[in-house]
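# Coordinate inspection notes
Chain by chain, the residues:
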Amino acid sequence: MKKLINDVESLLSESLDGFAAAHADIVTLGEGGQFVRRRTPKPGKVALISGGGSGHEPLHTGFVGHGMLDAACPGQVFTSPTPDQMLAAAQAVDTGAGVLFIVKNYSGDMMNFQMAAEMIDCDNATVIVNDDVAVENSTYTTGRRGVAGTLIVEKIVGAAAERGDDLAALKALGDSVNKATASMGVALTSCTVPAAGKPTFQIGADEMEMGVGIHGEPGRRRVRLASADDIAAELSGAILKDLSLKPGQEVLLLVNGFGGTPLMELYLMVNAVRKILDGHRLKIARCLTGSYVTSLEMAGCSVTVSAMDAATLALWDAPVHTAALRWGM
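Here the residue numbering is sequential within each chain, running from 1 through the sequence in written order. The predicted nature of this model means local features are confined to residues of pLDDT at least 70 and side-chain atom pairs, given and counted, to a pLDDT of 80 or more, with totals for whole chains, interfaces and linings taken over all residues. Here the side-chain values reflect all heavy atoms present in the structure, with hydrogen atoms and water set aside.

## Considering the packing of aromatic side chains
Stated formally: Only the six-membered ring of Trp is used, alongside the rings of Phe and Tyr, when aromatic pairs are assigned; centres must lie within 6.5 Å, and planes under 30 degrees apart are stacked while those over 60 apart are edge-to-face, with the rest tilted. By definition, any uninterrupted DSSP run of H or I lasting at least four residues is a helix, any uninterrupted run of E lasting at least two residues is a strand, and each is numbered from the N terminus.
Going through the model one piece at a time under the given rule, you end up with 2 aromatic pairs. Plain terms: the ring middles of Trp316 and Trp327 are 5.7 Å apart, the flat faces sit at 50 degrees to each other, and that makes the pair tilted. Of this pair, Trp316 sits in helix 8 (residues 310-317) while Trp327 sits in strand 15 (residues 326-327), and the two are 11 residues apart along the sequence.

Dropping the structure here:
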């Protein structure tokens, strides 16, 4: 295993210390590194909290700040944060308007966030993200997994929270955006969890895992490596079948790298998917490309399509200032 690391046990804490120092104008670290929170909370605003296992950076800590999350709870690599972390985060950022949890549909995250919601003494609600169309069930989930669509939910709901929407409205908006969003990914290589010291799965030099999960969970099937156009066609086909969009629909396209894929290849995938969406007479109103929901150093990518209207596009375009996304300010 070759990684920039001192000790497996201190990897997360050292990384969080570096993150907080690098972005001290935006965030601060909670006591004991239990959570990352917005440096300057906004009084009277519904607090948005998310989290999950580390190894998916910049999700979720990179999305803490103006226009997105108020706090994020990082667990150990690919391991859910604890209810105590979520409770501490909620107590730190609640300013009286309630708390909205945004949770990816993984068993550990679901269980621990639910426990935290039952423990906190304030109004709260939960949005569950389950945008992965690859498989209905996996080792980690009951139902569909939450993957890169989480970023879209956090951005749009975060903008609505920033303008002052109440808890019930934000919960309804988050559920609506999640329903309008679908994703699917492909892995060209595995990744190595530091504590394991070896690749999560073995894959041949001429193979790819179609529909892989962001923890390296199996997808739909193991197949021979194909051209980017063929990969884009399968990913997009599954997404479009799920969303059943009508010609003329405006969409947001997110092509997300898993941590080990160059931007040159990601933009090539943008071009391949664009041609497919054009063929279905869908209008790409906005596009985001980069490694935002990663799987350590895995090579591969995911494609996410989210149906947009004038209201959600305005929220997407609203100013944001986080470590990973910054525009309009």
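Right, picking up where we left off after that structure.
## Comments concerning the pattern of salt bridges
Basically, it comes down to this: The salt bridge criterion pairs a side-chain nitrogen of Lys or Arg with a carboxyl oxygen of Asp or Glu, the two atoms within 4 Å. Accessibility here uses a 1.4 Å probe with only protein chains present; expressed as a share of the type maximum, an area under 20% marks a residue as buried, one over 50% as exposed, and anything in between as partly exposed.
Considering all chains together, one arrives at 18 salt bridges under this definition. Residues Asp132 and Arg145 are paired through a salt bridge, measuring 2.7 Å at the closest nitrogen-oxygen approach. With a gap of 13 residues between them, Asp132 in the loop between strand 7 (124-129) and helix 4 (149-163) and Arg145 in the loop between strand 7 and helix 4 connect regions that are remote in the sequence. For the pair Asp132 and Arg145, one class covers both residues: buried. Ionic pairing is found between Asp242 and Arg144, a salt bridge with its closest N-O pair at 2.6 Å. Taken as a pair, Asp242 in helix 6 (residues 228-243) and Arg144 in the loop between strand 7 and helix 4 lie far apart in primary sequence, 98 residues in all. Judged by relative accessible area, Asp242 falls into the partly exposed class, the value being 33%. Members of the salt-bridge network, linked through shared partners, are Arg38, Lys42, Lys45, Asp70 and Glu162.

## A closer look at the side chain of Arg144
What counts is decided by this rule: The definition of a polar contact used here is a pair of N or O atoms within 3.5 Å, where within protein one atom must be able to donate a hydrogen and the other to accept one, and adjacent residues in sequence count solely through side-chain atom pairs.
Accessibility expressed as a relative area gives 15% for Arg144, which makes it buried. Among the polar contacts made by the side chain of Arg144, one reaches the main-chain carbonyl oxygen of Asn130 at a distance of 3.1 Å.

## Quick notes on the sheet that holds strand 8 (residues 181-187)
Strand pairs in the sheet, formed through backbone hydrogen bonds, run parallel or antiparallel to each other. Keep this limit in mind: At least two DSSP bridges between two strands are needed for those strands to be called paired. All axes are obtained by fitting lines to C-alpha atoms, using only the stretch in contact for helices, and the reported angles, taken between N-to-C directions, cover 0 to 180 degrees. By definition, residues are in contact when any of their heavy atoms lie within 4.5 Å.
Pairing in this open sheet of 6 strands is mixed, and the strands run 10-9-8-13-11-12 from one edge to the other. In the strand order of this sheet, the two ends are held by strand 10 (221-224) and strand 12 (283-290), each with one partner. For this sheet the average axis-to-axis angle between neighbouring strands, irrespective of direction, equals 20 degrees. By the bridge criterion, 4 bridges tie strand 9 (residues 207-210) to strand 10 in an arrangement that is antiparallel. Counted as the bridge partner of Glu207 is Arg224 from strand 10. Of the strands in this sheet, strand 11 (250-257), strand 12 and strand 13 (300-308) touch helix 7 (residues 263-279), which is tilted by about 165 degrees from strand 12. Contacting strand 11, strand 12 and strand 13, helix 8 runs over the sheet at an angle of about 30 degrees to strand 12.

## Remarks on the pairing of strand 12
On any regular strand, side chains alternate: one points to one face of the sheet, the next to the other face. Applied cut-off: The handedness rule is simple: strands pointing away from the viewer, and a clockwise path from the first strand over the helix to the second, make the crossover right-handed.
Relative to strand 12, strand 11 runs parallel, the two being bridged by 7 bridges. Opposite Glu250, over in strand 12, you have Lys283 as the bridge partner. Handedness of the crossover is the feature at issue here: the chain leaves strand 11, passes through helix 7, returns alongside strand 12, and the resulting connection is right-handed.

## Considering helix 5 (residues 167-179)
Put simply, the rule is: Helix span, as expected, comes to 1.5 Å for every residue beyond the first. An arc is given here, and it is the one of the directions from the helix axis to the C-beta atoms.
Between its terminal C-alpha atoms helix 5 stretches 18 Å, which fits the 18 Å expected from 13 residues at 1.5 Å a residue. Restricting attention to buried positions, one finds in helix 5 the residues Leu167, Leu170, Leu173, Gly174, Val177 and Asn178. The arc that holds the buried residues of helix 5, viewed along the axis, is 130 degrees, so those residues lie on one side. Opposite the buried face of helix 5, by more than 90 degrees, sit the exposed residues Ala168 and Lys179.

## Section: helix 2 (residues 83-93)
Burial within helix 2 is extensive, with 8 of its 11 residues counted as buried. Of the positions making up helix 2, those classed as buried are Pro83, Gln85, Met86, Leu87, Ala88, Ala89, Ala90 and Val93. Against strand 2 (36-38), strand 3 (47-54), strand 5 (71-77), strand 6 (99-104) and helix 3 (107-119) lie the buried residues of helix 2.

## So, the nonpolar core
Keep this limit in mind: By nonpolar core we mean a set of buried residues, namely Ala, Val, Leu, Ile, Met, Phe, Trp, Tyr and Cys, connected to one another through side-chain atoms within 4.5 Å.
One finds Leu48, Leu100 and Ile152 to be the most contacted residues of the largest nonpolar core, which totals 56 residues. When contributions to this core are tallied by element, the ones reaching two or more residues are helix 1 (11-22), strand 6, strand 7, helix 4, helix 5, strand 11, strand 12 and helix 8. Considering every element that reaches this core, the biggest residue donor is helix 4, with 8 residues. The residues touching Leu48, leaving out its near neighbours within four places in the chain, are Met68, Leu69, Asp70, Ala71, Leu100, Ile102, Val157, Gly158, Ala161 and Leu170. Formed by 29 residues, the second largest nonpolar core is a distinct cluster that contains Met184, Leu243, Leu253 and Leu282.

## Considerations on the packing of helix 4 against helix 8
What counts, and what does not: Roughly parallel here means an angle under 35 degrees, roughly antiparallel means over 145, roughly perpendicular means 65 to 115, and every remaining angle is called oblique.
For the pair helix 4 and helix 8, the least separation of the axes is 8 Å and the interaxial angle reads 85 degrees. One element, helix 4, and the other, helix 8, form an angle in the roughly perpendicular class. Taking contact as the criterion, the partners of Leu151, Ile152, Lys155, Ile156, Ala159, Ala160 and Arg163 in helix 4 are, on helix 8, Thr312, Leu315 and Trp316.

## Some details on a negative patch on the surface
Filter applied, for reference: The residues that make up patches have over 30% relative accessible area and no salt bridge, and they are joined within 9 Å when like-charged or within 5 Å when they are Val, Leu, Ile, Met, Phe, Trp or Tyr. Each accessible area value is a Shrake-Rupley result obtained with a 1.4 Å probe; residue values ignore everything except the protein chains displayed when judging cover. His is not counted, nor are the chain ends, whereas Lys and Arg count as positive and Asp and Glu as negative. Here the site of a charge means atom NZ of a Lys, CZ of an Arg, CG of an Asp or CD of a Glu.
The grouping of Asp7, Glu9, Glu14 and Asp17 at the surface amounts to a negative patch. Locating Asp7 in the fold gives a position in the segment before helix 1.

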